[in-house]
Amino acid sequence: MTSKLLLLPGDGIGPEILAEAEKLLACLQADFGMGFECERGLIGGCAIDATGRPLPDETVSLARAADAVLLGAVGGPKWDQGPPALRPERGLLGIRKALGLYANLRPALLFPELASASTLKSEVVAGLDILIIRELTGGIYFGEPRGVDTLPDGSREGRNTMVYGEAEIERIGRTGFDIARRRGRRLCSVDKANVLETSQLWREVMTRLAAEYPDVELSHMYVDNAAMQLVRAPKQFDVVVTENLFGDILSDCAAMLTGSIGMLPSASLNETGFGLYEPVHGSAPDIAGQHKANPLATLLSVAMLLRYSLGQQDTADRVERAVGSVLRQGLRTRDIAVTGDTLVSTTMMGDAVVAALRADV
Ligand code: NAD
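These lines cover the structure that appears in this document, whether it is placed above or below. The shown structure was predicted, so the numbers you read here are calculated from the model rather than taken from an experiment.

### Here we look at the overall build of the chain
- Secondary structure summary: the chain contains twelve helices and 14 strands in total.
- Computed over C-alpha atoms, the radius of gyration of the chain comes to 21 Å, within 12% of the 21 Å expected from 2.2 N^0.38 for 361 residues, which places it in the range of a compact globule.
- Over its C-alpha atoms, taken along the principal directions, the chain stretches across nearly 65 × 50 × 45 Å.
- Classification of the 361 residues of the chain by burial places 52% in the buried group.

Shown next, in the form of C-alpha cells:
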C-alpha cells in the first residue's frame, strides 16, 4: 500500500531536518517494503515570501488529500515585524484548525544515554517513557466570552471562559483510552475537579468511559499534584490525558525532563486518525544553515507518523531503536553533546540512523 505524505519543511532549520526525514522514508521504501508518495508544500515564512500568506489554500488542499503531514518548523526574524495575520506561526494555527486536529500527543522519552542532560537526577528520569495527550481545540483558549472590558469606574477587567462540551471530553477521552491500550494500559486523567465545574464534568465523562475500557486502568489526579508528581517521580505515569490549558503547561514541564528540545517529537490528530507530525522545537534561526541542527526529533516524529497514522507499530519501534542505537554509539549533535562525545552534523546523524535501521533486520 502506498501512503500519501505531505512534507512541509517551513523555515530556518526546517528544510535541513526534513531532508533527513526524507532519507529515512527512502530507506523504509527501499529496504522495508513500504510505499510513500510525497508531495511538498509551503507554510510559514517561506509561504509568505512566495504567496503573501502563511498558509496558502493549496497547502490545505494538499494536506486534505494526504494520509499524514510531516512538518519541519516555521518562523524567523525576517517575518517578526509583520502584522499578526501575516506571521509564520499563523500558518501553524491555521492548519491545525483547518484539519480539526484536536488531540496533541507529546511523548517525553528519555534515552538512557542522555539521562545526564536532564536537570533531574539520572535515576529519576533514565528510561522515562510517558505520553501527554492534550486537548487542543477547546477550553479556555477558545471559550467565549473573552476580552478586556472597561468598567463604569474606569478600571479594566480581563475575562476568559473555560468551557468543555460533553462530546468534546468524550472525544479526547477515547483518544486517551485507545492510545493507552497500545502502550502500558494506564491512563491518568488530569483535572481540577475540586474547584472547576468543567473539570467535574470532565471527571464524570472519563469515569463513564472507563467502563468501556476494562483493560485500561484509569486514575484521576488534580493538576497541581500532577505538576509535582511529574518532577518528583515521572516514571509513575504511562499516558496522561488533560484539557488544553493544563496540557500546555504539563507537556512543557514533561519536555524539560528529557533535557533537550532537539529530541522531542509530537503529533496532532483528528477524528479520522489523520495526523500532523512535527518536532516540538522551532526553526532555530541561530543555527540554520550551519549543519548543527539535531534531526532526531523529526525522525522520532516519523516514528509517530508510522505508529499513529499508518498503523505500522513494528516499523515505528525499529526507527526508535535505530535512534537509540546511534546514541549508544556516542554520536551527538552539539545540543546533546557532553565532553567526550563524537560531534556529528545534521546529515551525519541522519545517515547514522538510516544505517542503524538497515543493520536491525
Ligand atoms: P527554537 O526551538 O527555534 O530554538 C530554541 C533554542 O533551541 C535555540 O538555541 C536553538 O538553536 C535550539 N534548537 C532548537 N531546535 C534545535 C535542534 N533541532 N537542534 C539543535 N538545537 C536546536 O525556539 P525560538 O528560538 O524561541 O524560536 C525561533 C523561531 O521558531 C521563532 O520564529 C518561533 O516563533 C518559531 N517557533 C516555531 C515553532 C514551530 O514551528 N512549531 C515552535 C516554536 C517556535
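### Looking at the pattern of salt bridges
- For the structure shown, the criterion picks out 29 salt bridges.
- Taking the shortest distance from any N to any O, the salt bridge between R159 and D149 comes out at 2.7 Å. Separated by ten residues along the polypeptide, R159 in strand β7 (residues 156–159) and D149 in strand β6 (residues 147–150) bring together distant segments of the chain.
- Residue classification places D149 among the partly exposed positions, given a relative accessible area of 36%.
- Close ionic contact of E166 with R208 constitutes a salt bridge, the shortest N to O distance being 3.5 Å. Here the residue E166 occupies a position in helix α6 (residues 166–182), and R208 occupies one in helix α7 (residues 197–210), the gap between them amounting to 42 residues.
- A single salt-bridge network, built from bridges that share partners, covers E166, E170, R174, R208 and E212.

### Topic: the layout of surface pockets
- Here the largest pocket defines a volume of roughly 770 Å³.
- Taken together, 29 residues form the lining of the largest pocket, with L92, L93, R96, R134 and L136 sitting closest to its centre.
- For the lining of the largest pocket, the elements supplying multiple residues, two or more each, are β3 (68–73), α4 (88–98), β4 (103–109), α9 (244–257) and β12 (275–279).
- With seven residues, α4 is the single largest residue contributor to the lining of the largest pocket.
- Structurally, the lining of the largest pocket is a two-domain feature, drawing no fewer than three residues from each of domain 1 (1–102 + 271–361) and domain 2 (103–269).
- Volume-wise, the second largest pocket comes out at about 280 Å³.
- What lines the second largest pocket is a set of 17 residues, and nearest its centre among them are L109, D129, R183, R307 and E320.
- Mapped onto the lining of the second largest pocket, the elements with two or more residues apiece are β4, β5 (129–135), α10 (296–308) and α11 (313–328).

### Some words on α11
- With 16 residues, α11 extends 23 Å from end C-alpha to end C-alpha; this agrees with the ideal 22 Å at 1.5 Å per step.
- Residues of α11 that are buried include every one of T315, A316, R318, V319, A322, V323, G324, S325, V326 and L327, and no others.
- Contacts from the buried residues of α11 go to α1 (14–32), α10, β13 (331–332) and α12 (346–359).

### Considerations on the pairing of strand β10 (residues 239–242)
- Burial along β10 is two-sided: V239 and V241 and V240 and T242, pointing in opposite directions, are all buried.
- Sheet topology note: the β5/β10 ladder contains four bridges and is parallel. Within β10, the position partnered with L131 by the bridge is V239.
- Where strand β8 (residues 186–191) and β10 come together, four bridges link them in parallel fashion. By the bridge assignment for β10, V190 is matched with T242.

### Section: the site of the ligand
- Close to the ligand lie 19 residues; V74, E89, G282, A284 and N294 are nearest.
- Interatomic distance of 2.8 Å between a backbone N/O atom of A284 and an oxygen atom of the ligand.
- Tallied by class, the residues present in the shell around the ligand amount to nine nonpolar, six polar and four charged.

### Here's the deal with the packing of aromatic side chains
- Evaluated as defined, the whole model comprises two aromatic pairs.
- Here the aromatic rings of Y164 and W202 are separated by 5.7 Å at their centres, their planes lie at 70°, and the arrangement is edge-to-face. In this pair, Y164 sits in the loop between β7 and α6 while W202 sits in helix α7, placing the two residues 38 residues apart along the sequence. Of the two residues, Y164 and W202, neither departs from the other in class, the shared state being buried.

### With respect to the sheet that holds β3
- Ordered in space as β2-β1-β3-β12-β11-β4-β5-β10-β8-β9, the ten strands form an open sheet in which the pairing is mixed. Two strands lie at the open edges of the sheet, namely β2 (35–40) and β9 (217–222), each paired on one side alone. Averaged over all pairs of adjacent strands, the angle between their axes in this sheet comes to 25°, without regard to strand direction.
- Pairing geometry for β8 and β9, over six bridges, is parallel. When the bridges of β9 are listed, D191 appears paired with Y222.

### A look at the packing of α6 against α7
- Relative orientation of the contacting elements α6 and α7 amounts to 50°, with a least axis distance of 9 Å. Here α6 is positioned oblique relative to α7, judged by the angle of their axes. Judged by the twist between their axes, the crossing of α6 over α7 is right-handed. In this structure, α6 uses E166, I169, E170, I172, G173, R174 and F177 to contact α7, whose residues at the interface are T198, L201, W202, V205, M206, R208, L209 and A210.
- Partitioning the contact of α6 with α7 into residue classes produces nine nonpolar, two polar and four charged.

What counts and what doesn't
Residues numbered from 1 in each chain as written. Predicted model: local features only at pLDDT ≥ 70, side-chain atom pairs only at ≥ 80, totals over all residues. Heavy atoms only, no water. Helix = DSSP H or I, 4+ residues; strand = E, 2+ residues; numbered from the N terminus. Rg over C-alpha atoms; globule rule 2.2 N^0.38 Å. Buried < 20%, exposed > 50% of the residue type's maximum accessible area, 1.4 Å probe, protein only. Salt bridge = Lys/Arg side-chain N within 4 Å of Asp/Glu carboxyl O. 1 Å grid on protein atoms, 1.4 Å probe; cavity = no way out; pocket = protein on both sides within 12 Å on 5 of 7 lines; lining within 4 Å. Points joined across faces, edges and corners; volume = space filled by probe spheres on them. Domains from an automatic or database assignment. Expected span 1.5 Å × (residues − 1). Contact = heavy atoms within 4.5 Å. Pairing = 2+ DSSP bridges. Near = heavy atom within 4 Å. Polar contact = N/O pair within 3.5 Å; in protein donor to acceptor, adjacent residues only side chain to side chain. Nonpolar A, V, L, I, M, F, W, Y, C, P; charged D, E, K, R; others polar. Phe/Tyr/Trp six-rings, centres within 6.5 Å; stacked < 30°, edge-to-face > 60°. Axes fitted to C-alpha atoms, helices over the stretch in contact; angles between N-to-C directions. Parallel < 35°, antiparallel > 145°, perpendicular 65-115°, else oblique. Left-handed = near helix turned anticlockwise from the far one by under 90°.

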